[in-house]
Amino acid sequence: MIQKAITQLQREDFDRLVADRVQEGNQLDFKQALVGSTDADKKKFAADVCAFANTRGGDIVIGVRETRGVAVEVVPLAMDPDQETLRLQNMIADSFDPRIVGVQIAPVAYGDGHVLVVRVPQSVQGLHRSKLDQQFHIRESRSNRHLDVASLITRVDMLRGQRDRRDEFFAQRYAAVLTNRTPVALRAGPKVMVHVFQAHAAFGADMLDVSPAAAAGAMPVPTLGQGGADFRMTFEGPMHHTAINDGMTRGFTLVHHNGVLEGAWKVADLREGRTEVVAEAVETHVLGFVRALIERTRGLLTFDVPLVVRVALVGAEGAVVVTSNRELRRHFEEDVPLSPIDRTALQLPDVLVNDWPVADLAELFRPAFDRLWQASGFLRSYQYQEHNGRFVWQG
C-alpha cells in the first residue's frame, strides 16, 4: 500500500514506484490496463478486491506496468476518470457478499492521461465472498488464493482474536480513565471518551509512526480546539492536554502507538442529589473534536478513511442525561422522571466514516446521539429537527 492518503497522491508518487523498483506484495498490486468488460476480467478484478479486503487491505494501481512483480513503467490511461470511477464503484457494489464498504477510487492526473488507484480497506465485517466465482479469496505475497474449509475455520478464529484484542483495549482504556491511571489524571466527574481508529486496525499487529504528533500544539485537544496547553510523551504515545491545576487536567488527546486516537474530557461536575450531563453540550463537543482530530491527523500521520469513531460516557453511572431546552425538559420530567445512567461505561454505537471531507458529519452521528438521550428516557436526540424530509442537526 502506498503510504499516503489517497486524496494526496500525485504524479511523483508513481514515478517513485518505478524509480525505487517497488515490488508487488500482499498490500500492493500493479495493472497496466483498465479492467475489461468480459466476465473473466470482472471476475479477476473482483478476486483482487476480495483478497485485499479479506487480508490486510491494499492498493490496486492501474496504469503501472510490472515485470515479475516489479514496477518498471508508468503507462497513463486514456479514459474519462469520472465514468471509469463510477463503473468500478458499481462493479464493487454488486460483486461481494457481504458488501465491502470503504473502498476508495482515485484517478490521478499523469500527463495526458490518468493513473487509477483503488484502495481497499481490510474488512471489519468478517470474510467476504466474491459472487462472481463463489470463492473466499485472500492475498498471499503477490498472488491471490481461495480458502478451503480448513483455511476458512482458521480465518474465522483469527478474526475472533482480533475482536478480542479490540475489546480488551477499550476495556483497559475505560478502566484507566475511571481509576485515574493515566499520565495526567482527569478531574472528577463524568467523562466523554472518543476513540478514532482505521477500520482495518489490528490493535497490536501494526504500529503507527507517532513522531509527527510528538510536539506541542500538534494535535487538537477537547475543549481547547486547535492545540493543547501542554505536551508530554508517554508509554502509550504522545499526549496533549489542557492546563494542569491541583495535579489534574480537564481533557487530553492521546495518540496511541497502535494507531488509535483517543480524546477524553470531563463533561459534568459531581453534585449532591443529581449529577446532570447536558446532551446538547456533549454532541457539540464530540462533533467539533472529531472533525478537528480527523482533519489534523490525515495531514500529519499515515491515517485515512475508512475510520471508526467510538464514543463512550464513562464514570457516569447514576448521572442523568438532560437537555438545555427547558420546555422539552419540563415536558419529559412531568410525565416520567428521567432515568439515571445504569452502567459505568455507556458505549454508544460505532460511527463509520467512509469519506473525508464528509458533507454532514452530524448525520453520521445521529444513531449514536439518539442512544445517548435514550439512556435517560428521551425518545431521541432533539438536536435533530425535520427539514425537507430529513432530520438536520441544529446545534
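Check the entry above for the structure.
Everything numeric here is computed off the predicted structure, so don't read it as measured data.

Calculation criteria
- Residues numbered from 1 in each chain as written.
- Predicted model: local features only at pLDDT ≥ 70, side-chain atom pairs only at ≥ 80, totals over all residues.
- Heavy atoms only, no water.
- Helix = DSSP H or I, 4+ residues; strand = E, 2+ residues; numbered from the N terminus.
- Rg over C-alpha atoms; globule rule 2.2 N^0.38 Å.
- Buried < 20%, exposed > 50% of the residue type's maximum accessible area, 1.4 Å probe, protein only.
- Contact = heavy atoms within 4.5 Å.
- Areas by Shrake-Rupley, 256 points an atom, 1.4 Å probe, with all protein chains shown as cover.
- Pairing = 2+ DSSP bridges.
- Salt bridge = Lys/Arg side-chain N within 4 Å of Asp/Glu carboxyl O.
- Polar contact = N/O pair within 3.5 Å; in protein donor to acceptor, adjacent residues only side chain to side chain.
- 1 Å grid on protein atoms, 1.4 Å probe; cavity = no way out; pocket = protein on both sides within 12 Å on 5 of 7 lines; lining within 4 Å.
- Points joined across faces, edges and corners; volume = space filled by probe spheres on them.
- Nonpolar A, V, L, I, M, F, W, Y, C, P; charged D, E, K, R; others polar.

### A word on the overall build of the protein chain
Thought 1: Within the protein chain, the regular secondary structure consists of 7 helices and 24 strands.
Thought 2: For 395 residues, the compact-globule estimate of 2.2 N^0.38 gives 21 Å, and the C-alpha radius of gyration of the protein chain, at 23 Å, lies within 12% of that figure.
Thought 3: Seen through its principal axes, the protein chain has C-alpha atoms that stretch 70 × 45 × 45 Å.
Thought 4: Relative to its full complement of 395 residues, the protein chain shows a buried share of 50%.
Thought 5: Expressed as a percentage of contacts within the protein chain between residues at least 6 apart in sequence, the contacts between residues at least 24 apart total 70%.
Thought 6: Surface exposure of the protein chain reaches about 18200 Å², of which carbon and sulfur atoms provide 48%.

### What about the pairing of strand β6 (residues 104–110)?
Thought 1: The buried fraction of β6 is high, at 5 of 7 residues.
Thought 2: As judged from the 7 bridges shared by β6 and strand β7 (residues 113–120), these two strands associate in the antiparallel manner. Directly across from Ala106, in β7, lies its bridge partner Val117.
Thought 3: In sequence, β6 turns back onto β7 through a hairpin of 2 residues, with Gly111 there showing a positive phi of about 60°.

### Side note on the pattern of salt bridges
For side chains bearing opposite charge, pairing can occur when the charged atoms are close.
Thought 1: With the rule as written, the count across this model stands at 23 salt bridges.
Thought 2: Taking the shortest distance from any N to any O, the salt bridge between Asp29 and Arg139 comes out at 3.3 Å. In this pair, Asp29 is assigned in strand β1 (residues 28–31) and Arg139 in strand β9 (residues 137–140), connecting sequence segments 110 residues apart. Comparing Asp29 with Arg139, the two get one shared label, buried.
Thought 3: When the shortest N-O distance is used, the salt bridge between Glu84 and Arg87 registers 2.8 Å.

### Quick notes on the environment of Asp209
Thought 1: Here Asp209 shows up in the loop between β12 (191–198) and β13 (230–233).
Thought 2: Along the primary structure Asp209 and His257 are separated by 48 residues, whereas in three dimensions their C-alpha atoms are 7.1 Å apart.
Thought 3: Within the local environment of Asp209, its side chain forms a polar contact with the side chain of Ser211, the two groups lying 2.7 Å apart.

### Considering the side chain of Gln122
Thought 1: With respect to the helices, strands and loops of the structure, Gln122 is situated in the loop between β7 and β8 (129–130).
Thought 2: You can call Gln122 buried: its relative accessible area is 9%.

### A look at the layout of surface pockets
Thought 1: Computed from the structure, the largest pocket encloses a volume of approximately 630 Å³.
Thought 2: Looking at the largest pocket, it is lined by 34 residues, and the ones nearest its centre are Gln3, Gln198, His200, Leu208 and Thr302.
Thought 3: Going through the elements one at a time, β7 and α5 (279–300) are the ones with two or more residues in the lining of the largest pocket.
Thought 4: Among the elements that take part in the lining of the largest pocket, α5 stands out by supplying 3 residues, more than any other.
Thought 5: Residues that form the lining of the largest pocket fall into these classes: 16 nonpolar, 11 polar and 7 charged.

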